[in-house]
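Results of the structural survey
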Amino acid sequence: MPNTRSTKHLPRSKSIVSMLLVVLLLTVAGTVSAQNAEGEQFQPTYSLGDQMLSLNIGAIYPLFYTGGPGGVEDANLTVGGTGHLQWSGFLNNNIAIGGEFGGMFAFSPNGNTLFMIPLAARFTYFLRSYPFEFPLSLAAGINFSRFEESFKTDPILIPGIGFYWNYTTEWAFGLDMRWWWVPQIYTGPTPPSEDTRFGNFLSSTLSVMYRF
Amino acid sequence: MNRRPQLLLFSITIVLVLALSGCSEGELGIFSTIAIEEATKKNNLVDNATTSGLVKGLFNGTERYVVKAGTKVFTRPVSGNDWTEISAPGGRLALFVAGRNDTATPAGLGGDEPTAAVGEVYAVYQSGSSDDTAVYRLSGNLAWTQAVYTPPSGTKINGMIGVDNVVFVSTFTSPTDQKLLAWSDEIGSVPTVAITGFNDAIQDGVRAGGVGSDYYLVGKSSVLAHVGTGPATTATPFNTTTTSPQPRGIAYSDHGGGGGILAVADRVDGRIFVAPAPTTPGSLPSSWKLAGTVGRPATDIIWVSKLNGSTGAFLVGTASDAIFKNDGRGYYQGTISGTIGTYTISLTNDLGNNYKASDLAVSSILQFRHFGKGTVFALTGGRGLWSTAYPDSADPTWRWE
């Protein structure tokens, strides 16, 4: 259940614009909601002790590798699938910290599958314009990669930006765009240090977020 | 604070990581390998089968390859890409395939490791319901007919290879009663010759191109046999100067002139031993020297005379270093230098992007076959059959048959 949560009334003009955007979103999503339509307009705020869970599913676009002797190299993978589950606790209305784990897969030209599983701590800063919010996040942690018989543990950085619409004070739906930066460093002799690469991937996911 | 979400995340992650981490970093970087991967051209032979006994034969005027894949036998025209299954006799399971030339002195095979260019193709089939084995010959219309040679009752065949115009069969009735037969003529009588002292399962053989053009054969438990063109036959322990060798492949190279050299690939640490090929008919090579090592079990070795700008090079197949371990490392190419007594072989598996990014590079290669003009086949454990027209100096482009 929501913890300490307060409300405040919005100016009428802002409320009208917001309502129009809400209607537009509902139309696009095919979802009908009368959320707060007849009641008072309020903007939820979150504070220390509130928590959130979110589930993301979508596509990942392998972009390129850097760090090799040939400079920038194409990632040479198909568009893949990705998803992640994250938990965070609010420190105040704009900042949350937590953790996440996820996964991705994509296929090489010969149909071999690259799997990556990042496990990361996550910092999120929320820009809010009720009923929308724009979380800016940075996740940092470790990434487990597997390709055929090879396995590697690397660091990972995942900066991202999201766009969410608050359906209720608990539920929000949105879109996340995140950049996966995976420095895959080898020190030799096997694999050789020349095989060090910095992987770059872009994920685009639909998200459902629950606050409690 | 409710800790269930954190525990859930942590638990799922641990399970997934453990599931993924059952393997090593491998020999090459993951991203760097993916970056250079090229789509492998494929034919229609089953990809995930263990292949063995590839031979080339002439059938109703058409040259064809024949290979055992799993427990079935397949064929395709040399000039085509379409593999078709050859129906097994009575639904039996194929154990071995081998072939022989039908000419006593085949020309043009030089220092290659020749298999049947034209001639007869045989297969050993086992009944699915019993242990009995029988030898069949492939007719011109690609049908199996039982061969004249029949193993004595109670005898099982545990190896069959063809080298030039001779088929060699190793048989056993018990672990202590194994023998190798040279079986050289299907037409008319079958002059099988027991090779005294070769109480082992045959692994590989080669015909040396030097004086005498004799056959040299290796057995699984360290036996070396010489089979003369007479045929006079002898077999002795292989290379008694080193500890417990387990020879798996033998190759002949005309490198260095004279009688050329013989090279043996050893399962133990992938050691490559070389010795001058005898120049006197009827003698066995001696003075084996360690010339190189690949650091993991070697499975076969061939000499390809076209490589390195026509200087030639050895190809050495490797297997996993443990049973049930699926971490094959493909093959190595070896360049020989020095002279008799001081030969060294420099081995590398840095063989180009096509190879390094292919499944062949992570396969166990059980056998090589070389049909001249640089056409090389790699027969793998569980990853099918691969072929390439080996170029003079550029890196090879492998096709997954």
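How each quantity is defined
Residues numbered from 1 in each chain as written. Chains lettered and ligands numbered in written order. Predicted model: local features only at pLDDT ≥ 70, side-chain atom pairs only at ≥ 80, totals over all residues. Helix = DSSP H or I, 4+ residues; strand = E, 2+ residues; numbered from the N terminus. Contact = placed C-beta atoms within 7 Å. Pairing = 2+ DSSP bridges. Axes fitted to C-alpha atoms, helices over the stretch in contact; angles between N-to-C directions. Core = buried A, V, L, I, M, F, W, Y, C linked by C-beta atoms within 7 Å. Buried ≥ 20, exposed ≤ 12 C-beta atoms within 10 Å, placed from the backbone. pLDDT = per-residue confidence, 0-100.

Counting its secondary structure elements, chain B contains three helices and 28 strands. Residue pairs in contact within chain B that sit at least 24 positions apart in sequence constitute 51% of those at least 6 positions apart.

Once that is clear, we can look at the sheet that holds strand β9 (residues 156–163) of chain B. Residue and element names in this part refer to chain B. Read across the open sheet, the four strands follow the order β9-β10-β11-β12; overall the sheet is antiparallel. In this open sheet, the two edge strands, each paired with only one partner strand, are β9 and β12 (193–194). Where strand β10 (residues 166–174) lies against strand β11 (residues 177–183), seven bridges are found, and the strand directions are antiparallel. Paired with threonine 171 across the bridge in β11 is lysine 179.

Moving on: the sheet that holds strand β1 (residues 51–59) of chain B. Residues and elements named next belong to chain B. In space, the four strands of this open sheet follow the order β1-β2-β3-β4, with antiparallel pairing throughout. The open sheet terminates on both sides in strands that have one partner only, identified here as β1 and β4 (84–86). For this sheet the average axis-to-axis angle between neighbouring strands, irrespective of direction, equals 30°.

Attention now goes to unusual backbone geometry. Residue and element names in this part refer to chain A. The step from glycine 188 to proline 189 runs through a cis peptide bond, and the omega angle for that step is -5°. In this structure, proline 189 sits in the loop between β8 (171–184) and β9 (197–211). Omega for the peptide link from threonine 190 to proline 191 comes to -10°, which places this bond in the cis form. Secondary-structure assignment places proline 191 in the loop between β8 and β9.

This part covers the pairing of strand β6 (residues 132–147) of chain A. All names here are of chain A. Both strand β5 (residues 113–129) and β6 contribute to a ladder of 16 bridges, which runs antiparallel. Bridge pairing in β6 links arginine 122 to alanine 139. Hairpin connection from β5 to β6: two residues lie between these consecutive antiparallel strands. Direction of pairing for β6 relative to strand β7 (residues 150–166): antiparallel, over a ladder of 14 bridges. Bridge assignment links isoleucine 142 to a residue of β7, and that residue is proline 155.

A word on the nonpolar core. If you look at soluble globular proteins, the nonpolar side chains tend to sit buried side by side. With 100 residues, the main nonpolar core has B:Phe168, B:Leu262, B:Ile301 and B:Val316 as its most contacted residues. In this view, B:Phe168 contacts B:Met160, B:Ile161, B:Val163, B:Leu180, B:Leu181, B:Ala182, B:Trp183, B:Ile202, B:Gly205 and B:Leu217; residues no more than four positions away in its chain are not counted.

All names here are of chain B. Examined against the element boundaries, glycine 381 turns out to sit in the loop between β26 (375–380) and β27 (385–389). Classification of glycine 381 by C-beta neighbours within 10 Å gives buried; the count is 20. Taking C-alpha positions, glycine 381 is 6.2 Å from isoleucine 365, a pair spaced 16 residues apart along the chain. Every residue in contact with glycine 381, bar those within four places of it in the chain, is listed here: Thr50, Ala319, Ser363, Ser364 and Leu366.

Before going further, it helps to examine the confidence of the model for chain B. Residue and element names in this part refer to chain B. Residues of chain B with pLDDT of at least 70 account for 81%, and the chain-wide mean is 81. Within chain B, no element has a lower average pLDDT than helix α1 (residues 4–20), which sits at 63, and none a higher one than β4, at 97. A low-confidence stretch, residues 104–117 stays under pLDDT 50, and its non-local contacts, those more than four residues away or across chains, total 45 contacts. Scoring the predicted complex yields pTM 0.73 and, for the interface, ipTM 0.80.

All names here are of chain B. Tracing the sequence through the fold places isoleucine 336 in strand β23 (residues 331–337). For isoleucine 336, a count of 23 C-beta atoms within 10 Å puts it in the buried group. Separated by 22 residues in the primary sequence, isoleucine 336 and phenylalanine 314 have C-alpha atoms spaced 7.9 Å apart. Setting aside anything within four residues of it in sequence, one finds isoleucine 336 in contact with His255, Phe314, Tyr343 and Ile345.

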